[in-house]
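The primary structure of each chain is shown beneath.
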Amino acid sequence: MGKATCSSRSCRSMNAGIIIKTLFLLLFCRHVYSRCKILRCNSEYVASTLNLRGPNKSIAYCNALRSYARCTRRTAHACRGDLAYHSAVHGIEDLMTQNRCSKEGPTSPTRPQTPTPNHQGTASLDLCDYEKSFAQKHGHLPNYQHCAMFGDPHVRTFGDEFHTCRIEGSWPLLDNNYLFAQATSYPVAKGSNATATGKLTIIFKNMKECIDQKVYKAEVDNLPAAFEDGSVNGGERPSGTSLSIRERIPGRHVEIRAAYIGTTIAVRQAGRQLSFSIRAAEEVARSFTEEQDLQLCVGGCPLSQRISRNECCCDGQAAIPAEKAHQLCKEKLPVEDLYFQSCVFDVVTSGDANFTLAAHGALEDAKVFHPDARKLHLFQNDSAGHPMGPSFSVLIALVILLSQ
């Protein structure tokens, strides 16, 4: 008596309304996702707590939690609608209470550090052989990540996201403490959104223990097997050979090995475009500040620069019909994964069959560079934005069910 009630039909209608509002909220979250840095905060926290041990473990753990909290505060505005962000904030509060950590105090360094000499007994570490020194220091080999840019261009990020982009002009692929790589693209055809890379600039930043700063520049029909100053290594320092460059295929394939940072880069030319592939040690790939947030290899292409691979010229007016492009790509790429789909898109859009070589070369690099063979081939629905995740599908199903 006195309590509000509703019929089963009106209750279902109210529930559907709530879920629809929630759905639109989550769709809005997709828009701000690219600016929300909560995944970076999460990864930095995990990295700082992986190897905690010894009598000061609890102190170091509290430092890591305070760093985690500080990172979430910095990205609070961009993440205000992100469920992972709110979960992290509540989780931090609970962990700080459980471990009796004060909110004020020292924090952990958030920037990954390169191995440095241990003056208390491990002076034999070879600083300019990253893999060797990492293994000696940590007892295991470092983790590696792979990124590539080829064709239209298509970008495979360190996180295995796959984007097709318009990005005309110059855009940074990498911008961290050790490396800077920039790609310059131009339209592949008049009136087309598709672009291809015509120039690559790679800077290996000065590391006084190992190398002088070196700059590598490549352009279409000019793929040199030397750095800009004419050298083929890191300079005259004792460990200058820890950076080296060699020609795999004259004028078509160059490989640069930076052993001092556990990184290998491949630059290729196929037709009238260049491609870039990299295998980098994880802590090297992540050694950047918040100001260096625009990196295609890290965050992929901005939403405004992404295009759908379904936008290719399939109206019968293309220089190479889609059916013929499918056949050409199948000869080089038997598995119909995202490399194959990208190949078809490029051949149809550009009318240049040489783009089959670009996709094939990128896949060959991935076979060598990617640390997990199970993730070599990528399969996903084509989208110019973020792919729709299971949560959205579930919500849509609930809306339909409750509306009946």
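For the structure itself, consult the block above.
Predicted model, so just to flag it, every value in this text is computed and none were measured.

Trainee: Sorry, what's going on with the sheet that holds strand 4 (residues 169–175) here?
Mentor: Across a sheet, paired strands are connected by hydrogen bonds in the backbone, their directions being either parallel or antiparallel. With antiparallel pairing, 4 strands are arranged side by side in an open sheet as 4-5-6-7. Here the strands that pair on one side only, and so sit at the sheet edges, are strand 4 and strand 7 (214–219). Each neighbouring strand pair of the sheet contributes to a mean axis angle of 20°, computed without reference to strand direction. With 6 bridges connecting them, strand 6 (residues 195–204) and strand 7 associate as antiparallel partners. In the sheet register, F204 faces strand 7, and the bridge partner there is K214.

Trainee: Explain the packing of aromatic side chains to me, please; I cannot follow it from the model alone.
Mentor: Two descriptors summarise a pair of aromatic rings, namely the distance from one centre to the other and the angle between the planes of the rings. Summed over the entire model, instances satisfying the criterion amount to 7 aromatic pairs. Summarising the aromatic geometry, the rings of F162 and Y339 are spaced 5.8 Å apart at their centres and angled 80° between planes, so their arrangement reads as edge-to-face. In this pair, F162 is assigned in strand 3 (residues 162–164) and Y339 in helix 9 (residues 338–350), connecting sequence segments 177 residues apart. For the pair F162 and Y339, a shared accessibility class is recorded, and that class is buried. Members of the aromatic cluster, connected to one another through ring pairs, are Y45, Y61 and Y68. In this structure, R279 packs its charged tip against the face of Y144, placed 3.6 Å from the ring centre.

Trainee: Can you help me understand unusual backbone geometry in this one?
Mentor: Of the consecutive residues D152 and P153, the connecting peptide bond is found in the cis state with omega at 20°. Despite not being glycine, D221 has its phi angle at roughly 70°, a positive value. Along the chain, D221 turns up in the loop between strand 7 and strand 8 (243–249).

Trainee: Please explain the pattern of salt bridges as it appears in this structure.
Mentor: When the charged atoms of two side chains lie near each other, side chains of opposite charge can form a pair. Summed over the entire model, instances satisfying the criterion amount to 14 salt bridges. When the shortest N-O distance is used, the salt bridge between D175 and K205 registers 3.9 Å. Pair noted here: D175 is in strand 4 and K205 is in the loop between strand 6 and strand 7, with a separation of 30 residues, a long-range link. Its salt-bridge partner being R374, residue D372 comes within 3.0 Å of it at the nearest N-O pair. The network of salt bridges with common partners includes R246, R248 and E255.

Trainee: Mind showing me how you'd approach the nonpolar core here?
Mentor: Grouped burial of nonpolar side chains is what soluble globular proteins tend to show. Core analysis: the biggest nonpolar cluster contains 47 residues, and F204, Y216, Y260 and F276 have the highest contact counts within it. Counting residues per element, this core draws most heavily on strand 11 (residues 273–281), which supplies 5 residues. Those residues in contact with Y216 that lie beyond four places of it in its chain are L200, T201, I202, L223, P224, A226, F227, I245, V254, I256 and V267. By size, the runner-up hydrophobic cluster in this structure holds 22 residues, among which are L328, C329, L333 and V347.

Trainee: What's the story with the packing of helix 2 (residues 38–49) against helix 3 (residues 57–74) in this structure? I'm lost.
Mentor: When two helices pack together, their arrangement is given by the angle between the helix axes and by the axis-to-axis distance. Close contact between helix 2 and helix 3 brings their axes to 9 Å; oriented N to C, the two are set at 170°. Between helix 2 and helix 3, the angle is such that the two are roughly antiparallel. Residues I38, C41, N42, E44, Y45, S48 and T49 of helix 2 touch helix 3, and the partners they reach there are Y61, A64, L65, Y68, C71 and T72. In terms of residue class, the contact of helix 2 with helix 3 is made up of 8 nonpolar, 4 polar and 1 charged.

Trainee: I'm lost on the side chain of S275 in this one. Help?
Mentor: Mapped onto the secondary structure, S275 falls in strand 11. Among all residues touching S275, those that are not within four sequence positions of it are M149, F150, L200, A266, V267 and R268.

Trainee: I tried to follow the side chain of S342 on my own but got confused; where do I start?
Mentor: Inspection of the secondary structure assignment puts S342 in helix 9. A polar contact of 3.5 Å, which involves the side chain of S342, links it to the side chain of H154.

Trainee: Is there a simple way to think about the sheet that holds strand 3 in this case?
Mentor: Taking strand neighbours across the sheet as the criterion, the 7 strands line up as 3-2-1-11-10-9-8 in an open arrangement whose pairing is antiparallel. Among the strands making up the open sheet, the edge pair consists of strand 3 and strand 8. Put simply, the sheet's adjacent strands are angled 10° from each other on average, direction ignored. As judged from the 8 bridges shared by strand 10 (residues 263–270) and strand 11, these two strands associate in the antiparallel manner. Residue pairing across strands places I265 opposite I278, the latter belonging to strand 11. Packed onto the sheet, helix 9 meets strand 1 (144–150), strand 2 (154–156) and strand 3 and runs at close to 165° relative to strand 2. Helix-sheet contacts for helix 10 (residues 355–369) involve strand 1, strand 9 (253–258), strand 10 and strand 11, and the interaxial angle to strand 10 is about 165°.

Parameters and conventions
- Residues numbered from 1 in each chain as written.
- Predicted model: local features only at pLDDT ≥ 70, side-chain atom pairs only at ≥ 80, totals over all residues.
- Heavy atoms only, no water.
- Pairing = 2+ DSSP bridges.
- Helix = DSSP H or I, 4+ residues; strand = E, 2+ residues; numbered from the N terminus.
- Axes fitted to C-alpha atoms, helices over the stretch in contact; angles between N-to-C directions.
- Phe/Tyr/Trp six-rings, centres within 6.5 Å; stacked < 30°, edge-to-face > 60°.
- Buried < 20%, exposed > 50% of the residue type's maximum accessible area, 1.4 Å probe, protein only.
- Lys NZ or Arg CZ within 6 Å of the ring centre and 35° of its normal.
- Salt bridge = Lys/Arg side-chain N within 4 Å of Asp/Glu carboxyl O.
- Core = buried A, V, L, I, M, F, W, Y, C linked by side-chain atoms within 4.5 Å.
- Contact = heavy atoms within 4.5 Å.
- Parallel < 35°, antiparallel > 145°, perpendicular 65-115°, else oblique.
- Nonpolar A, V, L, I, M, F, W, Y, C, P; charged D, E, K, R; others polar.
- Polar contact = N/O pair within 3.5 Å; in protein donor to acceptor, adjacent residues only side chain to side chain.

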